[in-house]
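Residue-level listing of the chains:
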Amino acid sequence: MYTAAVETSDWIVAGAYLVGAVVIAEIVDRALSRRGKKLTTVVGVGELSPVTATRLRLVRRLIFATIIVIGIALAATQFPSISKLATGILASSAVLGLVVGFAARQTLANAIAGIMLAITQPIRIGDLVTFEDETGEVEDVKLTYTYIRLDDGRRLIVPNERLAQSSVQNHTILDPRMQAEVSVWLPAAADLDRAIDLIEDEEAGISAVVAETTTEGVRVSAMTWVETPAARGKTAADLRRRWLRLLREHGLSSVEAS
């Protein structure tokens with residue numbers, strides 16, 4: 001009876017450590033989040049810059065993970081068998097190296113890459129990037145994975161190690177503005193000057209050029225600047241719809257729009 005009571009007590013204490021670690025981690029994480037929002041209010045910048053937001057999220061997740069690991073370690077100390085095993089492993093650096101090298105290499109590599117991405121900032125939350133022929137907006141940079149929201153709404157989840165080792169095109173790292181571009185195909189005999197005049201608008205910042213010619217037709221592109229990557233899709237759709245309507249109204253047929 002005594003042994004059973006002791007074992008039950010150990011489980012209760014271990015569970016309390018785990019629950020406490022989760023609760024403390026949540027409280028600290030929310031406190032950091034509120035602190036960041038309060039800072040933006042005090043400074044009067046409206047919202048954190050992409051650089052600061054990316055680093056703040058990584059710091060929050062590192063602290064959260066650290067608290068959870070400490071809770072698990074404290075819970076494990078309540079069981080003598082686990083404590084002896086842990087002591088034996090820690091006493092042998094060779095065994096510990098093998099465990100880390102084989103069991104957790106990929107996870108540690110992704111975590112270290114995530115820290116490096118947050119420090120060097122080749123990509124930031126809100127940037128428009130192209131990775132392996134997929135283009136989208138960086139939605140979140142987690143400790144081990146980065147989430148990229150593609151134009152069609154899908155999420156591309158990329159291990160941070162791959163991002164750190166591969167080339168990534170960042171379209172907005174220096175200037176958050178970017179170009180929205182749409183194209184229409186016109187018959188080869190169409191009045192190109194008239195088609196361009198219909199859509200060009202100096203006050204609205206819309207320009208148009210002949211982008212491509214083939215034996216079957218001519219592709220004309222219209223471009224305008226948008227303030228954020230998130231506005232690119234809607235602006236392009238509105239520009240395309242306006243241009244096609246004007247072409248139809250003035251008797252210029254468009255066989256394809258892109």
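Overview of the structure. Only a predicted model underlies this, so the values are computations on that prediction, with no experimental measurement involved.

**Notes on the overall build of the chain**
Helix and strand counts for the chain stand at eight helices and nine strands. Counted over contacts in the chain with a minimum sequence separation of 6, partners at least 24 positions apart contribute 62%. In the structure as shown, the chain presents an accessible area of about 15,900 Å², 60% of it carried by carbon and sulfur atoms.

**Details of the nonpolar core**
One finds Leu186, Ile199, Val220, Ala222, Trp243 and Leu247 to be the most contacted residues of the largest nonpolar core, which totals 23 residues. Only strand E6 (178-187), helix H7 (192-199), strand E8 (217-226) and helix H8 (232-249) provide two or more residues apiece to this core. Other than its neighbours up to four places away in sequence, Ala222 contacts Ala180, Glu181, Val182, Ile199, Ser207, Ala208, Leu239 and Trp243. Membership of the second largest hydrophobic core comes to 11 residues, among which are Ile123, Ile125, Ile148 and Leu150.

**Overview of H7**
Considered for burial, the residues of H7 that qualify are Ala195, Ile196, Leu198 and Ile199. Seen from one end, H7 has its buried residues packed into an arc of 155°, which puts them on one side. Buried positions along H7 lie against E6, strand E7 (207-213), E8 and H8. Near the N-terminus of H7, the side chain that reaches the backbone nitrogen of Asp193, with its oxygen 3.4 Å away, is that of Asp191.

**With respect to the pattern of salt bridges**
Scanning the entire structure with this criterion turns up 14 salt bridges. The closest approach of N and O atoms between Asp238 and Lys234, which form a salt bridge, is 3.0 Å. With a gap of four residues between them, Asp238 and Lys234 both fall in helix H8, about one helical turn apart. For Asp238, a relative accessible area of 28% corresponds to the partly exposed category. Note on Lys234: relative accessible area 59%, which makes it exposed.

**Here's the deal with the pairing of strand E1 (residues 128-131)**
Judged by which residues are buried, E1 turns out to be covered on both faces: Leu128 and Thr130 on one side and Val129 and Phe131 on the other are all buried. Both E1 and strand E2 (residues 134-141) contribute to a ladder of four bridges, which runs antiparallel. Counted as the bridge partner of Phe131 is Glu134 from E2. The antiparallel hairpin formed by E1 and E2 contains two residues in its connecting segment, where Glu132 sits at a positive phi of about 50°. Sheet topology note: the E1/strand E5 (residues 169-170) ladder contains two bridges and is antiparallel. Note on E5: the bridge partner recorded for Thr130 is Gln169.

**Brief notes about a nonpolar patch on the surface**
There is a patch of nonpolar side chains on the surface, built from Leu108, Ile112, Met116 and Ile119 and spanning about 380 Å² of accessible area. With respect to the helices and strands, the residue Ile112 is situated in helix H5 (residues 105-120). Judged by relative accessible area, Ile112 falls into the exposed class, the value being 53%.

Rules used throughout
- Residues numbered from 1 in each chain as written.
- Predicted model: local features only at pLDDT ≥ 70, side-chain atom pairs only at ≥ 80, totals over all residues.
- Heavy atoms only, no water.
- Helix = DSSP H or I, 4+ residues; strand = E, 2+ residues; numbered from the N terminus.
- Contact = heavy atoms within 4.5 Å.
- Areas by Shrake-Rupley, 256 points an atom, 1.4 Å probe, with all protein chains shown as cover.
- Core = buried A, V, L, I, M, F, W, Y, C linked by side-chain atoms within 4.5 Å.
- Buried < 20%, exposed > 50% of the residue type's maximum accessible area, 1.4 Å probe, protein only.
- Arc of directions from axis to C-beta.
- Polar contact = N/O pair within 3.5 Å; in protein donor to acceptor, adjacent residues only side chain to side chain.
- Salt bridge = Lys/Arg side-chain N within 4 Å of Asp/Glu carboxyl O.
- Pairing = 2+ DSSP bridges.
- Patch = residues over 30% accessible without salt bridge, like charges linked within 9 Å, V, L, I, M, F, W, Y side chains within 5 Å.

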